[in-house]
Number of protein chains: 2
Amino acid sequence: MEKNQRIVLARRPTAWVEESNFRFEDSDIPQPGDNQVLVKNHWLSLDPYMRGRMSDVKSYATPVQIGEVMVGGCAGEVVASKHPKFAPGDKVVGALGWQLYGVADGNALQKVDASMIPLSAYLGSVGMPGVTAWVGLNDICAPKEGETVVVTAASGAVGSVVGQLAKLKGARAVGIAGGAEKCRYVVEELGFDACIDYKAGNLRGDLKTATPKGIDCLFENVGGEIFDTLLGRMNPFARIAVCGLIAQYNSAPYPMQNIGSVLINRIRMQGFIVSDDMSRWPPALKELGMLVATGKLKYRETVAEGLAAAPTAFISLLKGGNFGKQLVKLV
Amino acid sequence: MEKNQRIVLARRPTAWVEESNFRFEDSDIPQPGDNQVLVKNHWLSLDPYMRGRMSDVKSYATPVQIGEVMVGGCAGEVVASKHPKFAPGDKVVGALGWQLYGVADGNALQKVDASMIPLSAYLGSVGMPGVTAWVGLNDICAPKEGETVVVTAASGAVGSVVGQLAKLKGARAVGIAGGAEKCRYVVEELGFDACIDYKAGNLRGDLKTATPKGIDCLFENVGGEIFDTLLGRMNPFARIAVCGLIAQYNSAPYPMQNIGSVLINRIRMQGFIVSDDMSRWPPALKELGMLVATGKLKYRETVAEGLAAAPTAFISLLKGGNFGKQLVKLV
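Residues numbered from 1 in each chain as written. Chains lettered and ligands numbered in written order. Predicted model: local features only at pLDDT ≥ 70, side-chain atom pairs only at ≥ 80, totals over all residues.

### Notes on the overall build of chain A
Within chain A one finds nine helices and 15 strands. Computed over C-alpha atoms, the radius of gyration of chain A comes to 20 Å, within 12% of the 20 Å expected from 2.2 N^0.38 for 331 residues, which places it in the range of a compact globule. When the backbone C-alpha atoms are referred to their principal axes, chain A occupies close to 65 × 45 × 35 Å. Considering chain A as a whole, with its 331 residues, one finds that 52% of them fall into the buried category. Of the contacts formed within chain A by residues at least 6 apart in sequence, a portion of 66% connects residues at least 24 apart. (Helix = DSSP H or I, 4+ residues; strand = E, 2+ residues; numbered from the N terminus. Rg over C-alpha atoms; globule rule 2.2 N^0.38 Å. Buried ≥ 20, exposed ≤ 12 C-beta atoms within 10 Å, placed from the backbone. Contact = placed C-beta atoms within 7 Å.)

What follows is the structure, given as structure tokens:
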């Protein structure tokens, strides 16, 4: 009889995540109860927020407990349903975790149409990362035509959407990414106006060249020294959407020097989590789905093969080793 | 014939302001041109923002040039007028600078009624500092009943108004001030719920005691280590009005460690300058004037005697030596 496979949190990381923080397990395939649905996961999404769930410091979400399945968004197919709205064969997205089979309440699953949009995209540009980009850009940054939008981790699942949406609004889109290849992709494939390779070692000078009129909107995914440098380049009345600070998830916080810019430039800085306001998801997904289906919003995926590859892929993601959306292909 | 007396910027400070940055001068009393008014200043206001105008680094306002009269708000009496709306004897407030007599366009002066409210209060609770408190508290912090508002430099011209307005809104008001005497005043005279003496050396522990439910609104006047510590105590969806960062006006910026709280707690942090939106002044001044006239808003003044005392008083202000609103009595 077929078994489930899953990855649980074995012990909490103290600094960088290591393979030994995870444990691969076999278990029985769970059975759905009333109003529940059993899903066979095809794709597992790997995202930086998972690092936070591995720690038990105070944060915006409950940490994963030791021995529990790692949290994660999945896209897959219904194999059994006790919920009236779902039937075997339906394609769904939900927080089913790092495992081959997962059970969830039907209300916690979203049925998706994989005929026009690939199923995996519902974990990227037409999923949580895409909505994150949409909410931060539209509701916090709100760039006007001709303004300059800078986004860090520009080739990533969120950053790539931020810059393309900014361009569609008539703004100047400038990315920050690690490495010449990512920067080339951001400009040539995604259509950003400029991209700065922070690994080239001339961030401040390159930033000045790429943002001749300063920065009006910053969509911040990284934190640390890059964020601090960007703070020194902000224009009066600039907006900053603080979406992630991946540079400090695994180490001591970087000592920020340029917080004075918030006062001098009357900056509005807003931290946000995309799940805070679920009412923004439907309009975001509608627009993002249309843009992906018509080829106006491009994306790229890095795919790890098989559940067992998830820990290595996640560790790589935290170090910027992914290129575009990091996925694990489960079947 | 009577002469004017004024204080000009002699040279720019490099770190702490010193007496030698200023020069005391005699000059002729200026004469008003068309639509201008000659004012004899009774009171000069000393405020932290003046430190910024002494430097020529990029900021939100043009720096004072070497040899120019120091900028400053004054309250005084019209002695000659070529503007139809002003006549000798009128009491006015305006940016007339560090001098006994000043000329200004009538449009840049505000006529005030000194019968119910002392003239000096128009430089404090019913003037720029009061409006600053009102705007930051109402438009940025917007505390709800029962929420906790923390304000730094709590006994100062701005902070004292912030806490009293917060109390009137039904919030818990907690001040941070330097010294037991200031803290006693903040609680016993101004009616704050608690005040922490940061000089007592137990800021983190005292903060925990004074804010058992965390911080919902922070009105930040100081910056540096105090600000960083407060950031670590913020609640989800907290608001921070960044009004001043006096701790770093004279030295290198403090390296902030807790900026991650902005993300974790989805904080909205907004830098602001009270002159950004002049439309907020009339409703603010109306409420503040009513509260002062009816004794519901209390304030305290530290008065230096004579224009020549202004540099010493200003240097003291930058080091927290004032108690309440720092003024110079000119006549």
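From this point on, the discussion continues.
### What about the relation of the copies chain B and chain A?
In screw terms, the move from chain B to chain A is a rotation of 180° and a rise of 0.0 Å along the axis, fitting with an RMSD of 0.0 Å. Taken together, the rotation and translation describe the operation of a two-fold axis. In this assembly, 100% of the residues forming the interface of chain B have copies in chain A that are likewise at the interface, indicating an isologous arrangement. (Least-squares fit on C-alpha atoms with pLDDT ≥ 70 in both.)

### Let's talk about the interface of chain B and chain A
Each partner contributes residues to the interface: chain B has 26 residues there, and chain A has 26 residues. Breaking the side of chain B that touches chain A down by element, the ones donating at least two residues are β12 (234–242), α7 (260–264) and β13 (268–271) of chain B. Taken together, the residues of the side of chain B that touches chain A break down into 15 nonpolar, eight polar and three charged. Examined bridge by bridge, strand β13 (residues 268–271) of chain A and β13(B) share three bridges and lie antiparallel to one another. Opposite Met269(A), over in β13(B), you have Met269(B) as the bridge partner. (Nonpolar A, V, L, I, M, F, W, Y, C, P; charged D, E, K, R; others polar. Pairing = 2+ DSSP bridges.)

### Some details on the domain arrangement of chain A
All names here are of chain A. Its domain assignment divides chain A into domain 1 (4–124 + 300–329) and domain 2 (128–275). Here the C-alpha centroids of domain 1 and domain 2 sit 28 Å apart. When the residues that make up the side of domain 1 that touches domain 2 are grouped by side-chain class, the tally is six nonpolar, five polar and three charged. (Domains from an automatic or database assignment.)

### Some remarks on the pairing of β13(B)
Residues and elements named next belong to chain B. Every second residue of β13 is oriented toward a common face, with Arg268 and Gln270 on one face and Met269 and Gly271 on the other, all of them buried. Here β12 pairs with β13 via four bridges, running parallel. Its bridge partner being in β13, arginine 239 is matched across the sheet by arginine 268.

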